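As a plain string of letters, each chain reads:
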Amino acid sequence: MSQPASAARATILEQFRQAPASYLSGARLSQVLGVSRSAIWKQIEQLRQLGYRIEAVPSRGYRLCATPDLPLAEELRRGLAVRVIGREIRYLTEVDSTNRQAYALGEADAEEGLVVIADRQSAGRGRLGRTWESPAGVNLYLSILLRPPLPPHAAPQLTFLSALAVARAITAVSGLQPTLKWPNDVLIDGCKVAGLLNEMSAESDRLRFVVLGIGVNLNMTADQFPAALRCPATSLLLAGGVSVSRALFGKTLLEQLDRLYGEYLLHGPAPIMAAWEAHCDLLGRVVEVDEGRSGKVRGTVAGIDRDGALLLTREDGSTARILAGDVRVVD
């Protein structure tokens, strides 16, 4: 029985990797996949269109010469050890926003754990409606669909889970030690390297689904950042001096997310919040939070509560509970 196109491509790639630098005949691949040799040729052409460099020599067959630096589903699935997040991965060359796509799929009853990932976003979004620059070929842009058994007010807890997963993935892949800034930024040496945008669909007492949107600057160069950025930004390449495989980072991130999500469902938010605070360098520092129309609040950062609100101790000793705003360090 023949396989679906994506599964067939994955099987062909696995056959290449089992025999590196060797030629594989069309007849052999046809036998392994249970399809005609013309069907094999079509799959090879699709792989080439995705960026794989595959050589074809008459009477010898096909040989994989190079793999593209793309977060392709075929590359992410290879050896991926997850239980929920990443069971289904949809890769798009270009999309308006991975969050929009994942949200629409959530409305269409897609299963929990679906990942939408793109090489480029034409309308990437950050918090408070801000633009997230999303050039092709250098970064990671993905969104994850989850259906946790939570009340709507608990959904913001997942933002902290996402940030912690990104920080751990950065350390695992690059050795760099990022810090976390409330509510949803990941920093290296004070410069933003990743941002999160979580969105939910809920009824009055029931959470239908949550979309975890994540953008990580992996291999951007200095001249690729817009001049009008609100905050200084960086990439793993700029911070560490070494380029990062997008497929490797994507796979590492999905495994970290899956592991933390499982722990969250089993043990609740407390361990996640504690681990997030351990990565936050604002504890004990005086900050000013701009809450927009509500004005500005100043105080010493005391931590975050169970729901993810920022806790500030004012000069008079009272506690301010901040649900949203931009944080600026004063001291």
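Definitions and cut-offs
- Within every chain, residues take consecutive numbers counted from 1 along the sequence as written.
- Only residues with pLDDT of 70 or above have their local features reported here, since the model is predicted, and side-chain atom pairs are shown and tallied only from 80 upward, although totals for entire chains, interfaces and linings are computed over all residues.
- The side-chain values count all of the structure's non-hydrogen atoms but skip hydrogen atoms and water molecules.
- We call Phe, Tyr and Trp rings a pair once their centres come within 6.5 Å, taking the six-membered ring for Trp, and we label the pair stacked below 30 degrees between planes, edge-to-face above 60, and tilted otherwise.
- Only DSSP runs of H or I with at least four residues qualify as helices, and only runs of E with at least two residues qualify as strands; both kinds are numbered from the N terminus onward.
- Burial classification: accessible surface area is computed with a 1.4 Å probe over protein chains only, and a residue below 20% of its type maximum counts as buried, one above 50% as exposed, and the rest as partly exposed.
- The contact definition used throughout considers only heavy atoms, calling two residues in contact when any of these lie within 4.5 Å.
- What makes a nonpolar core is a set of buried Ala, Val, Leu, Ile, Met, Phe, Trp, Tyr and Cys residues whose side-chain atoms join them at distances within 4.5 Å.
- The criterion for strand pairing is that DSSP finds at least two bridges linking the strands in question.
- Interaxial angles span 0 to 180 degrees and are taken between N-to-C directions of axes, which are lines fitted to C-alpha atoms, for helices over the stretch in contact.

Peer 1: Would you mind showing me how to read the packing of aromatic side chains here?
Peer 2: The geometry of an aromatic ring pair is captured by the separation of the ring centres together with the interplanar angle, meaning the angle of the planes. The final tally for this structure, using the stated rule, is two aromatic pairs. Seen in terms of ring centroids, Tyr103 and Phe209 are 4.9 Å apart; in terms of plane orientation they differ by 70°. Their pairing is edge-to-face. Placement of Tyr103 in helix α5 (residues 98-107) and of Phe209 in strand β9 (residues 207-216) is noted, with a sequence separation of 106 residues between them. Of the residues examined, Tyr103 reaches a relative accessible area of 25% and is grouped as partly exposed. Take Phe209: its relative accessible area is 0%, and that puts it in the buried class.

Peer 1: Looking at this structure, I do not really get the side chain of Ser30. What am I missing?
Peer 2: As for its position among the elements, Ser30 is in helix α2 (residues 26-33). Those residues in contact with Ser30 that lie beyond four places of it in its chain are Val35, Ser36, Arg37 and Ile40.

Peer 1: Honestly, the nonpolar core in this entry has me stumped. Any pointers?
Peer 2: The tendency in soluble globular proteins is for nonpolar side chains to be buried side by side. The biggest cluster of nonpolar side chains holds 81 residues, and the ones touching the most others in it are Phe249 and Leu253. Counting residues per element, this core draws most heavily on helix α6 (residues 157-174), which supplies ten residues. One finds Leu105, Ala110, Leu114 and Val211 within the second-largest nonpolar core, a separate group that totals eight residues.

Peer 1: Just checking my understanding: could you explain the sheet that holds strand β13 (residues 319-322) for this structure?
Peer 2: Reading across from one edge, β13-β12-β11-β10-β14 is the order of the five strands in this open sheet, with antiparallel pairing throughout. On the outer flanks of this sheet lie β13 and β14 (326-329), each paired with one strand and no other. On average, adjacent strands in this sheet sit at an angle of 45° to one another, irrespective of strand direction. Inspection of the sheet shows strand β10 (residues 286-290) paired to β14 by four bridges, in the antiparallel sense. Across the sheet, residue Val289 finds its bridge partner in β14, namely Val327.

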